[in-house]
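Descriptive structure summary
Chain residues, written in single-letter form:
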Amino acid sequence: MAKAGKRAILGLLVLAFIVGLGLLAALVPVGHGFTPKGGGWFTPAVVGGAFTLHPLFIAVPSAGCFVLGLLDWRHPWRVEHLDLLALAGFFPVAMLLSDDLSPAGLWLAAGCLGWLFARLAGACHGAWRMPELRPSISSRRLGLAVLVLLLVRIGSVPAGGILDVGQASSLGAWRLLHGLHLYGAVSWPGPGGFRIYRPDSYGPFAYYAYLPFAAILGPAPAEVATLLPAVCFDVLTLAGLYILGRRLGGRPLAQAFMFAYLLYPFPDLSLMAETNDALIAALCVWGIVAAQRPVTRGLLLAAAALTKFLPALIALQFLGVVRGRSRYALTLAASLAAMLAWPLVTSGPAAFLDSTFGYQLLERGGGVQFSIWTYLPHAALVARPLLAAALVLLALSPIVRPEMPDARQHAALAAALLIGAQLLLGYWFYSYLTWFYPLLVIAVIRARPEQEADGASAHSAASPGEELTAEPVLRPVGVINRR
C-alpha cells in the first residue's frame, strides 16, 4: 500500500476516534459519577472540573490535541501508535466514569493499563524494541508550544476543585507540627469544625512533604494550603524532566519531554483537584535524575515508598544497580526507618498497619470499591496475589540480568512496575496516571530530528521503511550503570 494511502487510513482512524469521543460527550449526559460501591462520592465538578462537566468543549479537543501532537504521519503503521491509543484511551475512561458508566470505564482502563504494562515490561527485557514517540511539531517551534501549554495549565487551575486527598496531607502536617499522632483515628478535626474521614491511609511522607506549607500557610481547608504544594510538586516534576532531557539529548529532547508532559491533561487534573499525586511523580522522576548518586536516590525512593507504598517496587528495582549498591541499600533502609520512627512511636505498629495497609489493601482496596476486581471477586482471590508476586519478581529482575544501560530503560521498568501495581489495586482512579506518566515520557519520547522537520530532504535520504531514531544531540551522559 502506498504511503499516502496509509496516511489517509490513519487520518480516518484518528477522525473516528475523535468523533466517537464527541458522540459520547454529546449523547451521554454527565451523571453524578465516581460512586464507588463501598462508599465515597466525588462529583465530576470536583475531580475533573470543566474537563468532565463539559467534555465536548474540553476533553474532546484535549484528546485531539494529544493524539495529533504525538502522531507520526511519516510512518503510519508503527506499533507506537497503539501506545498512543492506549494513553488516549483514558479520555473516554474519564468520560465514562463521570457518566455513571463505571463498569465500561474501568474495563477500558484495565485494557489500556495492560497494554502499556506489556509494552514497557517487554521493552525492558528485549521482547520489544523500546517505544519511540516524537512530537509532531518541529523542534524549532517546540519552545513556543511548551509556553502555550504552560499558560493553559496555569489558566486551568482556578477551574478545579479540592479533593480530601490534599486536605488530609495538609491537616496531617499540621498535626505533626503540634506533636499529634498520625494513625489510628477514623477522622481528624480541623480548624472551624472542619473534619476529614479516614485521612490517615497514606504513608508518613505524604504528610512530611506538607510540613513547610503548613508551618507558613496553616492547614486546610484554606485553598492555598493544598494548592501551593500541588503546584510545587508539578513544577518539580517538570524541572526533573527538563534536566534529564538536557542530559540525555540536549535542549530539543528536554523540550520534547516538557511538551509531552504538558500535553497530557491528567497530571493537570490532579493539579486542579489539588491532590498529592504529583508528589509521587516528582520523587520518581528525580530518582531517575539522581541515578548516579546512590545516597540521594535511596532517600528519594524511600520517600516515594512511604508516600503511597507502590513505589516500593521501584526501590527494589534499583537494587540491581551495581555501582553504589551498598550505599543505596543502606540509605534506603536508614531513610525508611527514620521516616517511620514518629508514626511507630506515637501511633504504634498496629495502628499504622491497620490505617495504611489494612485500609488501603483490605478494606478500601479489597476489590469491593472501584476497579475491575469489583466485578471479578472470585478471580481476584487468585489473580491478585499472583500478579503481586510477578511484580516483585519483575522489580528484582535487574539483580540477575545484565545491567540496564541508560536512564530510559530504568524509567521504562519503573513505569511498568507502577502500571502493574495499579492493575493490582482494588481502588483505581485516573488521577493515578500522574504517578507513572512522567516516567513513561522519559522512556518513550524522543526529540524530532531537524532533518525530519525539513521534509523532503530527509525523506529522500531515508529508505521507504526506515525509522529515524537519532537524537539531535548525542552526548554520552545519562548512563546509569557504569562499572
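What counts as what
Residues numbered from 1 in each chain as written. Predicted model: local features only at pLDDT ≥ 70, side-chain atom pairs only at ≥ 80, totals over all residues. Heavy atoms only, no water. Helix = DSSP H or I, 4+ residues; strand = E, 2+ residues; numbered from the N terminus. Buried < 20%, exposed > 50% of the residue type's maximum accessible area, 1.4 Å probe, protein only. Contact = heavy atoms within 4.5 Å. Areas by Shrake-Rupley, 256 points an atom, 1.4 Å probe, with all protein chains shown as cover. 1 Å grid on protein atoms, 1.4 Å probe; cavity = no way out; pocket = protein on both sides within 12 Å on 5 of 7 lines; lining within 4 Å. Points joined across faces, edges and corners; volume = space filled by probe spheres on them. Nonpolar A, V, L, I, M, F, W, Y, C, P; charged D, E, K, R; others polar. Core = buried A, V, L, I, M, F, W, Y, C linked by side-chain atoms within 4.5 Å. Patch = residues over 30% accessible without salt bridge, like charges linked within 9 Å, V, L, I, M, F, W, Y side chains within 5 Å. Salt bridge = Lys/Arg side-chain N within 4 Å of Asp/Glu carboxyl O. Axes fitted to C-alpha atoms, helices over the stretch in contact; angles between N-to-C directions. Parallel < 35°, antiparallel > 145°, perpendicular 65-115°, else oblique. Expected span 1.5 Å × (residues − 1). Phe/Tyr/Trp six-rings, centres within 6.5 Å; stacked < 30°, edge-to-face > 60°. Lys NZ or Arg CZ within 6 Å of the ring centre and 35° of its normal.

1. Topic: the overall build of the chain
- Each helix and strand counted, the chain has 23 helices and two strands in total.
- Here the chain holds 483 residues, and 57% of them are scored as buried.
- Look at the contacts in the chain between residues 6 or more apart in sequence, and 77% of them connect residues 24 or more apart.
- For the chain, the computed accessible surface area is about 18,800 Å², with 71% contributed by carbon and sulfur atoms.

2. Remarks on the layout of surface pockets
- Approximately 430 Å³ is the volume found for the second largest pocket.
- Only α3 (50–53), α4 (59–69), α8 (139–156), α12 (223–263) and α13 (266–272) provide two or more residues apiece to the lining of the second largest pocket.
- For the lining of the second largest pocket, the element with the most residues is α8, which contributes six residues.
- When its residues are assigned to classes, the lining of the second largest pocket shows 16 nonpolar, three polar and two charged.

3. Notes on the nonpolar core
- Among the nonpolar cores identified, the biggest contains 147 residues, and F66, F90, F266, W428 and Y430 are the most heavily contacted of them.
- The dominant element in this core, judged by the number of residues it contributes, is α12, at 14 residues.
- Apart from the residues within four sequence positions on either side, F90 is in contact with A109, C112, L113, L116, Y264, F266, W428 and L433.

4. Some points on a nonpolar patch on the surface
- Nonpolar side chains collect at one region of the surface, where L144, L147, V148, L151, V152 and I154 lie side by side and expose about 600 Å² of accessible area between them.
- Relative to the helices and strands, V148 resides in helix α8.

5. Some words on the packing of helix α1 (residues 3–27) against helix α6 (residues 90–98)
- Their axes nearest at 11 Å, the elements α1 and α6 cross at an angle of 10°. It follows that α1 is roughly parallel to α6 by the angle criterion. Contacts between α1 and α6 involve F17, L21, L24 and A25 on the former and, on the latter, F91, P92, M95 and L96.
- Its residues assigned to classes, the contact of α1 with α6 shows eight nonpolar, no polar and no charged.

6. Quick word on empty space enclosed by the protein
- Tallying each qualifying case throughout the model produces three cavities of 30 Å³ or more.
- Within this model, the largest cavity holds a volume of roughly 80 Å³.
- Contributing to the lining of the largest cavity are L106, A109, A110, L113, S371, I372, W373, Q422, L423, L425 and W428.
- Of all the secondary structure elements, the ones that give two or more residues to the lining of the largest cavity are α7 (102–124) and α20 (407–424).

7. As for α7
- A rise of 1.5 Å per residue sets the reference length of α7, with its 23 residues, at 33 Å; its end C-alpha atoms lie 32 Å apart and thus fit the reference within 8%.
- Phi turns positive one or two residues past the end of α7, at G126, with a value near 85°.

8. Description of the pattern of salt bridges
- Scanning the entire structure with this criterion turns up 10 salt bridges.
- Among the ionic pairs, E80 bridges to R78, the shortest N-O distance being 3.4 Å.
- Between R129 and E132 there is a salt bridge, with its nearest N and O atoms 3.8 Å apart.
- On the basis of relative accessibility, which here comes to 9%, the residue E132 falls in the buried class.

9. Thoughts on the packing of aromatic side chains
- A full pass over the atoms with the stated rule returns 23 aromatic pairs.
- Measuring from centroid to centroid gives 6.4 Å for Y210 and F213, while their planes differ by 65°, and the two rings are edge-to-face.
- In this structure F213 comes out as buried when scored by relative accessible area, which is 15%.
- Ring centres 4.6 Å apart and planes at 25° place the aromatic pair Y432 and W435 in the stacked group.
- Using a relative accessible area of 11% as the deciding quantity, one classes Y432 as buried.
- A residue is classified by how much of its surface remains accessible, and W435, at 3% relative accessible area, is buried.
- Taken together through their ring pairs, the aromatic side chains of F51, F66, F91, Y264, F266, F370, Y427, F429, Y430 and Y437 make up a single cluster.
- Against the face of W128 rests R119, its NZ or CZ located 4.6 Å from the ring centre.
- Sitting over the face of the ring of Y328, R297 holds its NZ or CZ atom 4.6 Å from the ring centroid.

10. Things to note about the environment of L241
- Assignment of secondary structure puts L241 in helix α12.
- Given a relative accessible area of 0%, L241 falls into the buried group.
- When the C-alpha positions of L241 and Q255 are compared, they lie 8.9 Å apart, and in sequence the two are 14 residues distant.
- Residues in contact with L241, not counting those within four places in the same chain, are F257, Y261, V285, P438, V441 and I442.

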